[in-house]
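# Architecture at a glance
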Amino acid sequence: MQPIKMQQFAIGKEYCPFVIAEMSGNHNQSLERALAIVDAAADCGVQALKLQTYTADTMTIDIEDKEFFIDDSESLWKGKSLYNLYQEAYTPWEWHKPIFDRCRERGMIGFSTPFDESAVDFLESLNVSCYKIASFEMTDLQLIRKVAATGKPMIISTGMATVAEIDETVRAARQGGCQDLILLTCTSTYPATPANTNLMKIPHMKDLFSCQVGLSDHTMGIGAAIASIALGATVIEKHFTLSRADGGVDSAFSLEPAEMAALVTESERAYQALGQVSYGPSKAEQASLQHRRSLYVVEDIQAGELFTKHNVRAIRPGLGLPTKYLDLVIGRKAKEDVGRGTPVSWEIL
């Protein structure tokens, strides 16, 4: 599986995880705050920042009752109509260019999730490097084909999706012209719990669909994201805000800057820790071998005297015979006088 190149970055098992900060609606309808989020993400060391490109009218219609009204008592957005929620959360399209320009200035990739075909056309006019498809849109095959036709890398979240639905989406993307595809395992609850994150899907999806797999993570904290790296995740996406206390449609399950910086640092450490299948002392461990236990004379012994469990013990350091030879040493006679603190060797037996 070849690495996927995106501007100055490469995504693949040979590279540290590609971390995406999702701004979503956490700009709270302030371009100044949006740009501050970009700067904070860059300061944290993430590789990319992602927006969402839609309007309330491209998402739904303006009805405030029935299925268009959120009355789920468990929802973060209870009491809002879908239309009003999207009006509050959307990123004005005229903000995209200054946000992407700031990303470029700060050494990050700026890209977005389009929610309909008009959004794809708009993002193409800004020459984005890649596209993200949200879990709720991954079954919209017309949208999948539209994005795939750009020939740019696609990152697709798979929350709620059955294997058959993922297969249908992957086929549509590949047949539509997408060569570089990354699937993200995802739990479409806000926030999600570690218990329903099911990271074991990562290697399974990788084998099943022959593509890179990552995690779009809605859990609190960074534990699930770090664990995903051990299972082969090459991309991690987390919602990001300056401060949860500031509010915002997604702030409750978004990372703050100190947490995002920790995610970047710990994801690099987790990746480095994967290493390879290797046994025996590493180069770095060679010096530690002398601190193993080995056989030492612990009392003065005269020539001809027997080695016993009283005058030979397994102690540190490790310069004597390995401890597995203790039974062969006990009962043999010393060839010469041996002082206390002498490592046992075949020469003195």
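The following paragraphs examine the structure supplied in this document. (Residues numbered from 1 in each chain as written. Predicted model: local features only at pLDDT ≥ 70, side-chain atom pairs only at ≥ 80, totals over all residues. Heavy atoms only, no water.)

This part is about empty space enclosed by the protein. To locate leftover empty space, one rolls a probe as large as a water molecule over the atoms. Applying the stated criterion across every chain yields a total of one cavity of 30 Å³ or more. In this structure, the largest cavity spans a volume of roughly 40 Å³. Taken together, Thr185, Cys186, Thr187, Ala192, Thr197, Leu215, Ser216, Asp217 and His218 make up the lining of the largest cavity. Here the lining of the largest cavity takes three residues from strand β9 (residues 212-217), the largest share from any one element. Here the lining of the largest cavity is composed, by residue class, of three nonpolar, five polar and one charged. (1 Å grid on protein atoms, 1.4 Å probe; cavity = no way out; pocket = protein on both sides within 12 Å on 5 of 7 lines; lining within 4 Å. Points joined across faces, edges and corners; volume = space filled by probe spheres on them. Helix = DSSP H or I, 4+ residues; strand = E, 2+ residues; numbered from the N terminus. Nonpolar A, V, L, I, M, F, W, Y, C, P; charged D, E, K, R; others polar.)

Considering the arrangement of structural elements, one finds His218 in the loop between β9 and α9 (223-230). A polar contact is formed between the side chain of His218 and the backbone oxygen of Thr187, at a distance of 3.0 Å. When near neighbours in sequence (up to four residues on either side) are disregarded, His218 contacts Cys186, Thr187, Ser188, Thr189, Tyr190, Pro191, Ala192, His239 and Phe253. (Polar contact = N/O pair within 3.5 Å; in protein donor to acceptor, adjacent residues only side chain to side chain. Contact = heavy atoms within 4.5 Å.)

So, on to a positive patch on the surface. A grouping of Arg293, Arg313, Arg316 and Arg340 is seen on the molecular surface, where their side chains present a positively charged patch. With respect to the helices, strands and loops of the structure, Arg316 is situated in the loop between β12 (312-315) and α11 (326-329). With a relative accessible area of 63%, Arg316 lands in the exposed category. (Patch = residues over 30% accessible without salt bridge, like charges linked within 9 Å, V, L, I, M, F, W, Y side chains within 5 Å. Areas by Shrake-Rupley, 256 points an atom, 1.4 Å probe, with all protein chains shown as cover. Salt bridge = Lys/Arg side-chain N within 4 Å of Asp/Glu carboxyl O. Lys, Arg positive; Asp, Glu negative; His and termini not counted. Charge placed at Lys NZ, Arg CZ, Asp CG, Glu CD. Buried < 20%, exposed > 50% of the residue type's maximum accessible area, 1.4 Å probe, protein only.)

Turning next to helix α10 (residues 257-274). A rise of 1.5 Å per residue sets the reference length of α10, with its 18 residues, at 26 Å; its end C-alpha atoms lie 26 Å apart and thus fit the reference within 8%. Among the residues making up α10, those that are buried are Met260, Leu263, Val264, Ser267, Ala270 and Tyr271. All buried residues of α10 project into a common sector of 135° when viewed along the axis, lining one side. In this structure, α10 carries Ala258, Gln272 and Ala273 as exposed residues pointing more than 90 degrees from its buried face. On its buried side, α10 packs onto β3 (18-22), α1 (31-44), α9 and β10 (235-239). (Expected span 1.5 Å × (residues − 1). Arc of directions from axis to C-beta.)

Let us look at the pairing of strand β5 (residues 109-114). Among the six residues that make up β5, six are buried, leaving the element largely enclosed by the rest of the structure. Here β5 shows two buried faces, one formed by Ile109, Phe111 and Thr113 and the other by Gly110, Ser112 and Pro114. Inspection of the sheet shows strand β4 (residues 48-53) paired to β5 by six bridges, in the parallel sense. By the bridge assignment, Leu49 is partnered in β5 with Gly110. (Pairing = 2+ DSSP bridges.)

Time to look at the packing of helix α6 (residues 141-148) against helix α7 (residues 163-175). Two elements in contact, α6 and α7, have axes whose closest approach is 8 Å; the angle formed by their N-to-C orientations is 35°. The two elements α6 and α7 meet at a crossing, and its hand is right-handed. For the pair α6 and α7, contact is made by Leu141, Ile144, Arg145 and Ala148 and by Glu168, Thr169, Ala172 and Ala173, respectively. (Axes fitted to C-alpha atoms, helices over the stretch in contact; angles between N-to-C directions. Left-handed = near helix turned anticlockwise from the far one by under 90°.)

Within the sequence span of helix α5 (residues 117-125), burial applies to Ala119, Val120, Phe122 and Leu123. Down the axis of α5, the sector holding all buried residues measures 165°, keeping them to one side. Taken together, the buried residues of α5 touch β4, α4 (93-105), β5, β6 (131-133) and α6.

Another point: the packing of aromatic side chains. Following the criterion strictly, the structure yields six aromatic pairs and no others. Ring geometry for Tyr54 versus Tyr86: centroids 5.9 Å apart, planes at 75°, classification edge-to-face. Of the two residues, Tyr54 sits in the loop between β4 and α2 (56-59) while Tyr86 sits in helix α3 (residues 82-89), which places them 32 residues apart along the sequence. Across the pair, Tyr86 and Tyr54 agree in class, each one buried. Residues Tyr54 and Phe115 carry aromatic rings whose centres are separated by 5.2 Å and whose planes lie at 80° to one another, so their mutual orientation is edge-to-face. Separated by 61 residues along the polypeptide, Tyr54 in the loop between β4 and α2 and Phe115 in the loop between β5 and α5 bring together distant segments of the chain. Across this residue pair, the class does not change: Tyr54 and Phe115 are buried. Ring pairs connect the aromatic residues Tyr54, Tyr86 and Phe115, which therefore count as one cluster. (Phe/Tyr/Trp six-rings, centres within 6.5 Å; stacked < 30°, edge-to-face > 60°.)

Everything listed here is a matter of coordinates, which is why it stays silent on function.
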